Amino acid sequence: MQITDIRVRVFEVPHQHAFAPTWQPAPSRSHRITLVEVHTDEGITGYGSGGVVTSTLQAAKQVFLGKDPFAIEQHVAQLRSLAFLTGRPWPVELALWDIMGKALGQPVYRLLGGYRDRIPAYASTGELRPAAQRRDDVLRLREEGFRAVKLRFHSPRPEDDLPVLAAARQAVGGSMALMVDANQAWYLPGADVSARWDLRTALRMVRALEEYDVSWLEEPLPAYDYDGLAELRRRSRVPIAGGELNQGLHELKIYLEKDCYDVYQPDATFAGGIWECRKVAAMAEARGRQFTPHMWTNGIGMLANLHLAASVPNCPWIEFPYDPPAWTPEVRDALLREPLRIDADGCLRVPDRPGLGIELDEEQMARYEVTR
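Throughout what follows, the structure given in this document is the object of discussion. (Residues numbered from 1 in each chain as written. Predicted model: local features only at pLDDT ≥ 70, side-chain atom pairs only at ≥ 80, totals over all residues. Heavy atoms only, no water.)

## Overview of the overall build of the protein
Along the backbone of the protein there are 13 helices and 13 strands. The C-alpha radius of gyration computed for the protein amounts to 20 Å, which stays within 12% of the reference 21 Å derived for 372 residues, consistent with globular compactness. In terms of overall dimensions, the protein has a C-alpha envelope of 60 × 45 × 40 Å along the principal axes. Taking the intrachain contacts of the protein between residues at least 6 apart in sequence as the baseline, contacts between residues at least 24 apart amount to 73%. When the accessible surface of the protein is summed, it comes to about 14600 Å², and 48% of that surface belongs to carbon and sulfur atoms. (Helix = DSSP H or I, 4+ residues; strand = E, 2+ residues; numbered from the N terminus. Rg over C-alpha atoms; globule rule 2.2 N^0.38 Å. Contact = heavy atoms within 4.5 Å. Areas by Shrake-Rupley, 256 points an atom, 1.4 Å probe, with all protein chains shown as cover.)

Shown next, in the form of structure tokens:
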């Protein structure tokens, strides 16, 4: 089998309600989905999605045309070079795994280890909301079947977010796990960084979080403050999580060596592809650490990370981005024939179809496509 073409298609999916997540400097009315298609001479097409840019795609075409999609170690080395020079090309790698699974008639998670076929999901909220509203949100999520919820802390004065956590814990008692994401690791251009957390702030906040039995505090410091993160983890009784968008194995290796995190969260669509993130999961397992990938992309990116997570034994939860009314499965997974949803036990089940299990909705794609 040989790769014959690599194409990119871009879609703009509107929100019916403005969405104001903590990591954006301004609310949005739509979200962009970039779809990568890798075609082969045997008629098998693989799909990936994420932050690939056109210049990266053109470089990838020059490198991969005529190559065997199964030579994954060789391809990851090439993609690592492209990532250094032109951006994050990892959706190409996801598409290669989709091809391999389809060619072999197996879901990707089975090719990677096949540890289990479903994972408990935590509802990952995106916005800051008043305590009373978040209390009602968390109760609704519990009724929908979720057993865990992640809240956002991002107010200029960090202590102002504590009443939201207190209201959520009071509402659900011990019936749900609660996580907190401070979103301090990275900022988009134009964001206000004047209230960025330092080590002293993070230590103050972990002391406050201890009262509420928080499962982890995510991204409490800038991504490259390795020593600060290691010191925070050493002094905290609250588990520390992060690493979602770091640039591949070489950066995540530093976290592991310095013991920065209890929970490692690299996203295969941004942080090295499925193969490198699978290696990170194994390295974390060897150190007794957890692994649960970041999932805030779209249904295609979620499926790739779900297969990755289901292949390893140290993934206790899978992230399920969900914050109605703006961020819903219908909006997030607009290109899929069926949006991803949890089952009756609050778990996200891995599709048993070959490859990544992607089933595209051609009608929706025609509606939202902006360039090809």
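## Quick word on unusual backbone geometry
A negative phi angle characterises most non-glycine residues, just as the trans form characterises most peptide bonds. Here Pro-324 and Pro-325 are connected by a cis peptide whose omega angle stands at 10 degrees. Tracing the backbone through its elements, the reader meets Pro-325 in the loop between strand S11 (318–321) and helix H12 (329–332). One non-glycine residue, Glu-219, lies in positive phi territory at about 45 degrees. Tracing the backbone shows Glu-219 in the loop between strand S7 (214–218) and helix H8 (226–235). Residue Glu-219 is classed as buried on the basis of its relative accessible area of 2%. (Buried < 20%, exposed > 50% of the residue type's maximum accessible area, 1.4 Å probe, protein only.)

## Re the pairing of strand S3 (residues 45–49)
Most of S3 is tucked away, with 5 of its 5 residues classed as buried. Burial along S3 is two-sided: Thr-45, Tyr-47 and Ser-49 and Gly-46 and Gly-48, pointing in opposite directions, are all buried. In terms of strand pairing, strand S2 (residues 28–40) meets S3 through 5 bridges, oriented antiparallel. From the neighbouring strand, Glu-37 faces S3, where its bridge partner is Tyr-47. Following S2, the chain reverses through 4 residues before pairing antiparallel with S3; Gly-43 in that reversal takes a positive phi of roughly 80 degrees. (Pairing = 2+ DSSP bridges.)

## Looking at helix H11 (residues 299–310)
Helix length check: H11, at 12 residues, gives a terminal C-alpha distance of 16 Å against a target of 16 Å (1.5 Å per residue), a fit within 8%. Of all the 12 residues making up H11, 12 are buried; the element is thus mostly covered by neighbouring parts of the structure. The backbone nitrogen of Ile-300 lies 2.9 Å from a side-chain oxygen of the residue at the head of H11, namely Asn-298. (Expected span 1.5 Å × (residues − 1). Polar contact = N/O pair within 3.5 Å; in protein donor to acceptor, adjacent residues only side chain to side chain.)

## Brief notes about the sheet that holds strand S13 (residues 369–371)
What links the strands of a sheet is backbone hydrogen bonding, and the strands pair in either a parallel or an antiparallel sense. Strands sit in the order S3-S2-S1-S13 across an open sheet of 4 strands; the sheet is antiparallel. Here the strands that pair on one side only, and so sit at the sheet edges, are S3 and S13. For this sheet, the mean angle separating the axes of adjacent strands, direction not counted, is 35 degrees. Contacting strand S1 (3–19), S2 and S3, helix H3 (residues 91–104) runs over the sheet at an angle of about 145 degrees to S3. (Axes fitted to C-alpha atoms, helices over the stretch in contact; angles between N-to-C directions.)

## Considerations on the side chain of Asp-262
With respect to the helices and strands, the residue Asp-262 is situated in the loop between helix H9 (249–258) and strand S9 (263–264). At a separation of 3.0 Å, a polar atom in the side chain of Asp-262 contacts the side chain of Arg-233. Residues within four places of Asp-262 in sequence aside, it is in contact with Arg-233, Val-238, Pro-239, Ile-240, Arg-289 and Gln-290.

## Description of helix H5 (residues 131–144)
Side chains that are three or four residues apart share a direction in an α-helix, a result of its 3.6 residues per turn. Over its 14 residues, H5 extends 20 Å from the first C-alpha to the last, a length consistent with the 20 Å expected when each residue adds 1.5 Å. Regarding H5, the residues found buried are Arg-134, Asp-137, Val-138 and Leu-141. Looking down the long axis of H5, one finds its buried residues gathered within 95 degrees of arc, a one-sided arrangement. Check the buried side of H5 and you find it contacts strand S4 (118–124), strand S5 (148–152) and helix H6 (162–172). Following H5 by one or two positions, Gly-145 has its phi on the positive side, about 115 degrees. (Arc of directions from axis to C-beta.)

## Topic: the packing of helix H7 (residues 199–209) against H8
Describing two packed helices takes the angle between their axes plus the distance from one axis to the other. H8 packs onto H7 with a crossing angle of 25 degrees between their chain directions and a minimal axis gap of 10 Å. The orientation of H7 with respect to H8, classified from their angle, is roughly parallel. In the packing of H7 onto H8, the handedness of the crossing is right-handed. Judged by residue contacts, Leu-199, Ala-202, Leu-203, Val-206 and Arg-207 of H7 engage Gly-228, Glu-231, Leu-232 and Arg-235 from H8. Of the residues contributing to the contact of H7 with H8, the split by class is 5 nonpolar, 1 polar and 3 charged. (Parallel < 35°, antiparallel > 145°, perpendicular 65-115°, else oblique. Left-handed = near helix turned anticlockwise from the far one by under 90°. Nonpolar A, V, L, I, M, F, W, Y, C, P; charged D, E, K, R; others polar.)

## A short note on the pairing of S1
Two faces belong to every sheet, and in a regular strand the side chains alternate between them. When S1 meets S2, the two strands line up antiparallel, connected through 12 bridges. Bridged to Phe-19 within S2 is Ser-28.

## Some remarks on the environment of Ala-185
Positionally, Ala-185 belongs in the loop between strand S6 (177–181) and H7. Accessibility expressed as a relative area gives 8% for Ala-185, which makes it buried. Taking C-alpha positions, Ala-185 is 12 Å from Gln-265, a pair spaced 80 residues apart along the chain. The residues contacting Ala-185, other than those within four sequence positions of it, are Arg-196, Glu-219, Leu-221, Pro-222 and Ala-223.

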